[in-house]
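The primary structure of each chain is shown beneath.
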Amino acid sequence: MPGNIIKPEPLPGKQQEYMKLIAEIMEIRKRGEAPLAYIRTYGCQQNVADSEKIKGMLALSGFGFTDNPDDADFILFNTCAVREHAEDRVFGNVGALKNLKRRHPQILIALCGCMMEQKHVADRIYNSFPFVGLVFGTHSLHHFPELLYTSLVNGGRVFERGNDDKKIYEGFPVRRDGSFKGWLPIMYGCNNFCTYCIVPYVRGRERSREKDVIVAEARQMISDGFKDITLLGQNVNSYGKTLQTPVSFAELIEEIDGIDGDYWLRFMTSHPKDCSKELIDTIARGRHISKHLHLPFQSGSDRILKAMNRHYDRKRYLDIISYAKENIEGLSLTSDIIVGFPGETYEDFKQTLSLIREVEFTSLFTFIFSPRKGTPAEKLDDPIPAEEKSKWFQELLDVQEEIAAKRCSAMVGQTERVLIEGVKPKTGELNARTSGNIIVELDGSPELTGTFQNVKITKARNWILKGELI
Ligand code: SAH
Ligand code: SF4
Ligand code: F3S
């Protein structure tokens, strides 16, 4: 449909000028010492990837980085709006900056990300947190240098919620946090409007990056030594719909998989409604694609799935799972679940329990429903008391713990290829991960960090494995 095509635009050239100007102002203020930024990221990998762009722009503006807010000239919280708890944490931590601002009046405090795209949140920040000088949402990233420059020179407060929710910009300088594990956004936004979810309102409409740009970025990451690359999107299975030459997600990963090198390719998140057999076949024959499928089902009850506007039912979900299990050897499955959606009964919840028993996921991300302002689910009757939902939630955790322990014990004695991710500060052991995303702890030299190793699994403790280098 030509009407839906979204063409990429380059990062506006003026932004390069602003980065230079910021570097000059900061140079004058700091007299040769590099100004420091403290960036704290909440929420999902999309936010982590956005923060990496912001860090890239700050680095080009002359900033260095610090882990200590007290040393910083610029503090930025990149926020998440997905649940009330996430928002409360941000409000609490922003409140705590009041004293810091008193101690260091020169400091610029800024907030960005998903929360800031909600008018009621930006208004609350404006009225209750006068020491916050700069606020911008997810649609304003492409002119962050201009916003930062304006706040630095004006000294006043700059608040912006963008309208560019249908655009896509290329050419951001990305400063990745890791050197062997990295995120690669392939699309932005979401069109699904699951009735509980705030994401489509704060991230705008679904739009895909051009295939060739993504493949080139993946090639660069691989040649830079990245070993574990995760393609990011809210619903990667619908990748390509806004491109002039439509491409499916399976075609995209097949092309990236064709790049030579020693690396794992992962992706998040798959939506069951668009998960095709073609995709599963591609994973099955992939050389680098990890044998891991994160496929959130949210609820095992058809009645609740309908109320959530998920566009699949339990049978369709289980059919994909059996096709995937039959075709992908050593498949590891993970999922997201919401407990206590408005109107959910214990009978509905029992269907979620029976689904997890049937599928036997490696691990689960479980959430209690949190009403989000402006979503359809916020207005639904929700008669089940919070304590009751907590009991169901605990029951879910107990069942999953049993399943994970069983799955992990079955791996004892096997040999697994793992990526060593770092050293556990408490025990000095190495932390590693299997292709199926299971944590393995083992003894070894910290210098192995960032390398693939073969390990023999010697023990299982709930969902964590212990192993030995071979
Ligand atoms: N795009 C992804 C998920 C993004 S949000 C997908 O569709 O799978 C990550 C998870 O947060 C969701 O899968 C859901 O389980 C949970 N979530 C989203 N909104 C929520 C809400 N209002 N209350 C509780 N959990 C929520
Ligand atoms: Fe939210 Fe649904 Fe979009 Fe996922 S697919 S981001 S749950 S609206
Ligand atoms: Fe949160 Fe925004 Fe991600 S709401 S979960 S940071 S897309």
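The text that follows walks through the structure, step by step, so that each part is easy to find. (Residues numbered from 1 in each chain as written. Chains lettered and ligands numbered in written order. Predicted model: local features only at pLDDT ≥ 70, side-chain atom pairs only at ≥ 80, totals over all residues. Heavy atoms only, no water.)

1. Focus on the packing of helix 13 (residues 346-359) against helix 14 (residues 386-409)
The contact between helix 13 and helix 14 brings their axes to 10 Å, and the two run at 15°. By the angle between their axes, helix 13 is roughly parallel relative to helix 14. Pair helix 13 / helix 14 crosses with right-handed handedness. Contacts from Tyr-346, Phe-349, Thr-352, Leu-353, Ile-356 and Arg-357 of helix 13 reach helix 14 at Trp-392, Glu-395, Leu-396, Val-399, Gln-400, Glu-402 and Ile-403. Tallied by class, residues from the contact of helix 13 with helix 14 come to 8 nonpolar, 2 polar and 3 charged. (Axes fitted to C-alpha atoms, helices over the stretch in contact; angles between N-to-C directions. Helix = DSSP H or I, 4+ residues; strand = E, 2+ residues; numbered from the N terminus. Parallel < 35°, antiparallel > 145°, perpendicular 65-115°, else oblique. Left-handed = near helix turned anticlockwise from the far one by under 90°. Contact = heavy atoms within 4.5 Å. Nonpolar A, V, L, I, M, F, W, Y, C, P; charged D, E, K, R; others polar.)

2. Here's the deal with the side chain of Ser-151
With respect to the helices and strands, the residue Ser-151 is situated in helix 6 (residues 144-154). Among the polar contacts made by the side chain of Ser-151, one reaches the main-chain carbonyl oxygen of Leu-147 at a distance of 2.8 Å. Those residues in contact with Ser-151, other than ones at most four positions away along the chain, are Leu-108, Leu-134 and Val-158. (Polar contact = N/O pair within 3.5 Å; in protein donor to acceptor, adjacent residues only side chain to side chain.)

3. Overview of the packing of aromatic side chains
Applying the stated rule across the entire model yields 19 aromatic pairs. Ring geometry for Phe-193 against Tyr-201: centres 5.4 Å apart, planes inclined by 80°, an arrangement best described as edge-to-face. Given the relative accessible area of 29%, Phe-193 is considered partly exposed. Pairing Tyr-196 with Phe-341 gives two aromatic rings, centres 6.4 Å apart and planes at 85°, and the pair type is edge-to-face. Of this pair, Tyr-196 sits in the loop between strand 10 (187-188) and helix 7 (199-203) while Phe-341 sits in the loop between strand 15 (332-339) and helix 13; the two residues are 145 residues apart in sequence, bridging distant segments of the chain. You can call Phe-341 buried: its relative accessible area is 1%. Across from the ring centre of Phe-77, 6.0 Å away, lies the NZ or CZ of Arg-40, which sits over that ring. Sitting over the face of the ring of Tyr-126, Arg-157 holds its NZ or CZ atom 4.4 Å from the ring centroid. (Phe/Tyr/Trp six-rings, centres within 6.5 Å; stacked < 30°, edge-to-face > 60°. Buried < 20%, exposed > 50% of the residue type's maximum accessible area, 1.4 Å probe, protein only. Lys NZ or Arg CZ within 6 Å of the ring centre and 35° of its normal.)

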